Amino acid sequence: MNRKLTFFIIILTLALSISANAQIKTLYEESNEIILSNGITMLQIQKNTSEGPLDIHIIKIDLQNEQVDLRPIYADKTSVRKPLTTIADQWKVAAAVNGDFFHMGNPSYTYGTLIDKDEIISSPNSDVYRFPTIIKDGSGYTFSILKPTMRIVLEDGFLALASINKIGAFNHEVTVFNSAYGDYSLGSTSDRQLVEIVVDKDIVKKIYIGKPSVEIPKTGYVIAFNVQNESLINSFKIGDKIQISLDLGFDLSNVDWAAGGVNYLVKEGEINEYHNSLLGRHPRTALGIDKEEKFAYLVTVDGRTTESVGLLQSELAELLLELGCFNVINLDGGGSTEMVVDLHNTQDYTVVNNPSDGSERYVVSGFGAFNYYADSHVVKYIRIVPSEKSYFKNQNVSYEVLAYNKYFMQVPYQTSKLTISASGLRYRKTRNGIYFTESGTGVLKATYNKITHTSEIKINDDIEEIYTSINEITIPCNSQFEMPTFIGVDKNGNTGPLNPAEIEWSLSSKLGSIKNDVLTAAQKSNTGILEGKIGNAKIYMPVYIGYNEKMIQGFEKTDGLIFKQYPEDSNGKMTLYSRRIEGRSSLKVNYDFSTMKPNDQSIAFVEFGKLGLFLQEKPESISMQVFGDKSGHWLRCRVTDANGQMHKIDFEREIDWYGWKEVTAQIPKDMAYPIVLNNIYVAEIDNEKADKGSIYIDRLIANYPQEKIDPDKIRQNTKVEDNAFKISDKFDFQLEINHEGLVTEGSLVNDEKLNRDLRRISIDISNGGISLTNALQWDMLIELKGVSESDIVISFNHDFNQLKYSESIVLKRFFGSLMQNGNHVFIVYPGSAETQANVVYLEGVRYIEYSNYFKYYHNRSEAFYYYE
């Protein structure tokens, strides 16, 4: 049915800035479900909110399915932390998340409860801290704040027991260590003199005063207290019978397991009062169970990155309530937040979220989802899954075929029995794959032993334009550069990713060579143009091989250099040595990581004086020649920017070579210049690599960019010929946006031929973003979610590209979602003095950067736009 053209304009004039901590609002979300088995499902959710993007992972466990289970998992020695992938493999889980808070030092322990059947792995904490515990027994699940009463029962009385497998100040408290803690007790040191009572089968066997750690009996435990508590020593005699009495508020003999968290977030369907020690927006982990105890949910939310900003505790509680949870506990978060999954049912664990530390943090415990199904490799179901949402005509369609047994667990299959076919559109099939030769909706079909599955896939028109996230390539001589993903655009503005290997490249041999998606630079400095072609689309990129180099340090003498190490009792040093790249010497760095404590780190620093080295102008990177020892250690430097912020920058994540090699540390693009180089250092965090060795360092240089190629000598990239881009002097309605504001001309007429609405919103980002300027503007954008078959013009009063990444990525995903409702979306903003008017297409959305003005015309049944 035709609709009349209506004109809807919202312009905010509120001057006051609304707090960025206003209620979080969701603009758009996408989800993906992966079945791990009948009863265990992983849900991946990407929420795009007013506070930024959120990456959420959920494991849903069917508690009424007897073949699956939820229970805590923990390191085989709770005093020694391990990666969650290692703990998951130890327990053979289907999936797991990190568990309770724990002591980060050495030795480690969980802060809260951990009970496995009738064994106390870690005793509850005092109820003063209000730490919750979830208890699983024969009647179901109970969430509770425990009030433990623990005693050591002697032959003539009792002693208060402070904790089991936890370490305190050892002032007046008595602690017990059993075999879950480790093979040996805590023991005495120069700073801590302990009395340790060895008890086996409830009989005192030995008494040690001020001695090193002792072996913990498998059928007993060790009682420990400070040697200054002289009155306690006389309470124990060899041969005495001793028992531990525990009153935890429940029958320990009837408990399957119990495990703790840090906050009781949701209690009986309502957000609970909780202590505020974990304020702020952070990565989060939680466990929730619904009212009927049908399902449990293990949830992780990434944070502290531009890709996922994290949640407040209150927002985490709301998320679990949305899932249907009745009781929820908050687990350890921050850098500990992690989810690992056995995606292929092979006990090969994948970290599916993005830990904020950049790698797995070593932890003590977690919660696991278990499968107890009988082993079966008979294929009952298959799925064919395209790798991308859409492809272009004549582009190789990539896909993955997955096979499942009768329990919906992934199993291997014989590729010789698999056939792939296509339909819905004309296509050609080669040894390299399937290529659809016309646009529309294509169908992929997988067949395996008469089992079939089909997937529809959108095929766009031919590629007419190519672009990417970088405008030029700058790399050192004789090095390699991994080409970025490129974006293709068809005549309708539809976009999709292009692998660099799909593009035909032309590069002068003076610059280097390209194979697959890697550019290998020539040995000498040079500049030139890289040309890429796919179909009729072409892209031209300046390439700069090598830098203008300035020597920082030749290591001909050690004046101004300071050697430091951690731990301080390490036996490392630095000296000049004749092995060199140039000059008379290099710097030999002898590192000693053998004194590294468990779960700690070791570092050997070469400091450039107390103030560091001031680097002139704006270097893009720092390079040096390093003679490696193939130790696998970390090679880094520390740089302080003009704002006083210190940055840790990698030269190499691992020293995996022997002999001389040039390594480079890239200066972050958002660095505030001028900068100071504080130090370079070798580091290790893995106790299994705690060794001694040497590396040699020579020719430390700062790399500055070469002179830029004249833009007039760079050919223009091919651009989409947009049929809607034209100027017209005949129109029924015109909308003009310029630096002065909004101008409208013409009139709206009641004409049935005008069949699309126009929605126009003006967004103020004067303070650097929507939330920073006026958070109420998010509500206006959210109202567009219900708009369909309309032209939507959203104008910004400043350069859209200057928004912080976490806000711009949310907006881009949201604007792309509006295209799914049959809308035409125009994002309009003024450009900077250095840029030319331009349009960029992304998921069909036109991002228009104007120099003077943007115009939108409507003439009867047609709409046009123009900018300059």
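This structure is a prediction, so every number in the text was calculated from the model and none was measured. For every chain, the first residue of the written sequence is number 1, and numbering continues from 1 onward in sequence order. It should be noted that, the model being predicted, local features are given only for residues of pLDDT at least 70 and side-chain atom pairs only at 80 or more, the latter also being counted only at that level, while totals for whole chains, interfaces and linings use all residues. Think of the side-chain values as coming from all heavy atoms in the structure, minus any hydrogens and water.

### Details of the overall build of the protein
Which entries qualify depends on this criterion: Helix and strand labels come from DSSP, where a helix needs a run of H or I of at least four residues and a strand needs a run of E of at least two; each type is numbered from the N terminus. The atom set for the radius of gyration is the C-alpha atoms, and the globule formula is 2.2 Å times the number of residues raised to the power 0.38. Residue burial is assigned from relative accessible area. The probe radius is 1.4 Å, only protein chains are included, and a residue is buried under 20% of its type maximum, exposed over 50%, and partly exposed in between. Residue contacts are counted whenever heavy atoms from the two residues lie within 4.5 Å of one another.
Within the protein one finds 6 helices and 68 strands. A compact globule built from 868 residues would reach a C-alpha radius of gyration of about 29 Å, and the protein, at 32 Å, matches this within 12%. Considering only C-alpha atoms, the protein reaches an extent of 105 × 75 × 65 Å along its principal axes. Every one of the 868 residues in the protein was classed for burial, and the buried ones make up 52%. The contacts in the protein between residues at least 6 apart in sequence include a share of 68% that link residues at least 24 apart.

### Considering the layout of surface pockets
The test is simple: The pocket and cavity definitions rest on a 1 Å grid over protein atoms only: a 1.4 Å probe that fits but cannot leave marks a cavity, an open set with protein on both sides within 12 Å along at least five of seven lines marks a pocket, and residues lining either have an atom within 4 Å of a point. Grid points are joined across faces, edges and corners, and a volume is the space filled by probe spheres set on the points. Polar here means any residue outside two lists: the nonpolar Ala, Val, Leu, Ile, Met, Phe, Trp, Tyr, Cys and Pro, and the charged Asp, Glu, Lys and Arg; Gly therefore counts as polar.
Considered as a void within the structure, the second largest pocket measures approximately 560 Å³ in volume. Forming the boundary of the second largest pocket are 18 residues, of which D357, D600, Q601, W634 and I685 lie nearest the centre. Broken down by element, the residue count for the lining of the second largest pocket peaks at 3 residues, all from strand β55 (residues 634-640). The residue inventory of the lining of the second largest pocket, partitioned by class, reads 7 nonpolar, 3 polar and 8 charged.

### Comments concerning the side chain of N178
Our working rule: Polar contact is the term for a pair of N or O atoms within 3.5 Å; when the atoms are in protein, one must be able to donate a hydrogen and the other to accept it, and sequence-neighboring residues count only if both atoms are side-chain atoms.
Examined against the element boundaries, N178 turns out to sit in strand β14 (residues 175-178). Separated by 2.8 Å, the side chains of N178 and N165 make a polar contact. Polar side-chain contacts of N178 include one of 3.0 Å to the backbone nitrogen of A180.

### Points about the environment of T419
As for its placement among the helices and strands, T419 is situated in strand β33 (residues 418-423). Residue T419 is classed as partly exposed on the basis of its relative accessible area of 46%. When near neighbours in sequence (up to four residues on either side) are disregarded, T419 contacts K445, A446 and T447.

### Points about helix α6 (residues 805-818)
Along an α-helix, residues three or four apart share an orientation, since each turn contains 3.6 residues. This is how it is decided: By definition here, a helix of n residues has an expected span of 1.5 Å times n minus one.
Compared with an ideal rise of 1.5 Å per residue, which puts 14 residues at 20 Å, α6 spans 20 Å between its outermost C-alpha atoms and is within 8% of the ideal. Most of α6 sits inside the fold, with 12 of its 14 residues counted as buried. Looking only at α6, the buried set comprises S806, E807, S808, I809, V810, L811, R813, F814, F815, G816, S817 and L818.

### Remarks on the pattern of salt bridges
Two side chains of opposite charge can pair, provided their charged atoms sit close to one another. To keep things clear, this is the line we draw: Only one rule defines a salt bridge in this text: a Lys or Arg side-chain nitrogen within 4 Å of an Asp or Glu carboxyl oxygen.
With the rule as written, the count across this model stands at 27 salt bridges. The partner of E472 in a salt bridge is K708, with the nearest N and O atoms 2.4 Å apart. In this pair, E472 sits in the loop between β38 (465-468) and β39 (473-475) while K708 sits in the loop between β59 (692-704) and β60 (733-738), placing the two residues 236 residues apart along the sequence. Classification of K708 as partly exposed rests on a relative accessible area of 43%. Here K689 and E654 are joined by a salt bridge, their closest N and O atoms 3.7 Å apart. A residue pair is termed long-range when its members are at least 10 positions apart, and K689 in the loop between β58 (675-684) and β59 and E654 in the loop between β56 (646-652) and β57 (658-666) qualify at 35 residues. Classification of E654 as partly exposed rests on a relative accessible area of 38%.

### Side note on the sheet that holds strand β6 (residues 95-98)
How we decide: At least two DSSP bridges between two strands are required for those strands to pair. In this analysis, axes come from line fits to C-alpha atoms, helices being fitted only over the stretch in contact, and the angle between any two N-to-C directions falls in the range 0 to 180 degrees.
The strand order across the open sheet formed by 5 strands is β5-β27-β6-β25-β26, and the pairing between neighbours is antiparallel. Only two strands of the sheet have a single neighbouring strand rather than two, namely β5 (68-74) and β26 (350-351). Pairing geometry for β6 and strand β25 (residues 339-341), over 3 bridges, is antiparallel. Along β25, the bridge assignment pairs A95 with V341. Docked against the sheet, helix α1 (residues 84-91) engages β5, β6, β25, β26 and β27 (365-371), running at close to 125 degrees with respect to β5.

### Let's talk about the side chain of D332
By secondary structure assignment, the location of D332 is in the loop between β24 (325-330) and β25. If we ignore the near neighbours within four places in the chain, the residues touching D332 are N98, G99, D100, F101, F102, T285 and T337.

### Things to note about the nonpolar core
Side chains of nonpolar character tend, in soluble globular proteins, to be buried together. We apply this condition: The nonpolar core is taken to be a set of buried Ala, Val, Leu, Ile, Met, Phe, Trp, Tyr and Cys residues, with the residues joined through side-chain atoms within 4.5 Å.
Core analysis: the largest hydrophobic core is formed by 50 residues, its most contacted members being I59, I61, L70, I134, L287 and F367. Formed by 36 residues, the second largest nonpolar core is a distinct cluster that contains V589, V606, F608 and I649.

### With respect to the environment of Y362
Among the secondary structure elements, Y362 is positioned in the loop between β26 and β27. Sequence separation of Y362 and A642 is 280 residues, and the distance between their C-alpha atoms is 34 Å.

### Description of the environment of K689
Since its relative accessible area comes to 27%, K689 is described here as partly exposed. When the C-alpha positions of K689 and S631 are compared, they lie 7.9 Å apart, and in sequence the two are 58 residues distant. In this view, K689 contacts S631, G632, H633, E654 and E684; residues no more than four positions away in its chain are not counted. Of the polar contacts made by the side chain of K689, one reaches the backbone oxygen of G632; its length is 3.5 Å.

### As for the sheet that holds strand β32 (residues 410-411)
In space, the 3 strands of this open sheet follow the order β28-β31-β32, with antiparallel pairing throughout. Looking at strand neighbours, the two that pair on one side only are β28 (381-386) and β32, the edges of this open sheet. Of the pairings in the sheet, the one linking strand β31 (residues 399-404) to β32 comprises 2 bridges and is antiparallel in character. The residue of β32 that forms the bridge with A403 is V411.

### Comments concerning α1
The test is simple: It is the directions from the helix axis to the C-beta atoms whose arc is reported.
L84, T85, I87, A88 and W91 are the residues of α1 that are buried. In a view along the axis of α1, the buried residues occupy a sector of 160 degrees, so they form one face of it. In this fold, the buried residues of α1 make contact with β5, β6, β7 (114-116), β25, β26 and β27. Downstream of α1 by one or two residues, K92 has phi in the positive range, about 60 degrees.

### Side note on the packing of aromatic side chains
So the rule is basically this: The criterion for an aromatic pair is that two Phe, Tyr or Trp rings (for Trp, the six-membered ring) have centres within 6.5 Å, with stacked assigned to planes under 30 degrees apart, edge-to-face to planes over 60 apart and tilted to the rest.
By the definition in use, this model includes 33 aromatic pairs. Here F605 and Y681 contribute two aromatic rings whose centre-to-centre distance is 5.1 Å and whose plane-to-plane angle is 45 degrees, an arrangement assigned as tilted. In this pair, F605 is assigned in strand β52 (residues 602-608) and Y681 in strand β58, connecting sequence segments 76 residues apart. Overall, Y681 belongs to the buried group, its relative accessible area being 4%.

### Quick notes on the pairing of strand β20 (residues 263-267)
The element β20 is extensively covered by neighbouring structure, given that 4 of its 5 residues are classed as buried. Summarising the sheet, β20 and strand β21 (residues 270-271) pair through 2 bridges and their orientation is antiparallel. In the strand pairing of β21, K267 is matched with E270.

### Points about unusual backbone geometry
In this structure, the amide linkage connecting Y566 to the following residue, P567, adopts the cis form with an omega of -5 degrees. When you line up the elements, P567 lands in the loop between β49 (561-566) and β50 (573-577). Residue P674 is bonded to the preceding Y673 through a cis peptide linkage, with omega at 0 degrees. As for its position among the elements, P674 is in the loop between β57 and β58. One non-glycine residue, E617, lies in positive phi territory at about 55 degrees. Look at R699: it is not a glycine, yet its phi comes out positive at around 50 degrees. The residue R699 is located in strand β59 in this model.

### Quick word on the confidence of the model for the protein
Definition in use: Confidence scores per residue from the predictor, reported as pLDDT, run from 0 to 100.
For the protein, per-residue confidence averages 92 on the pLDDT scale, and 95% of positions sit at 70 or higher. In the model, residues 1-22 has pLDDT below 50 throughout and makes 60 contacts with residues more than four positions away in sequence or in other chains. Within the model, the stretch residues 748-754 combines pLDDT values under 50 with 17 contacts to residues more than four positions away or in other chains.

### Here we look at the pairing of β55
Buried residues dominate β55, accounting for 6 of its 7 residues. Across 7 bridges, β55 lies against β58 in antiparallel orientation. Among the inter-strand pairings, L635 is bridged to a residue of β58, identified as V682. Relative to β56, β55 runs antiparallel, the two sharing 6 bridges. Bridge pairing in β56 links T640 to M646. Hairpin geometry of β55 and β56 is characterised by an intervening segment of 5 residues between the two adjacent antiparallel strands and by a positive phi of about 85 degrees at G644.

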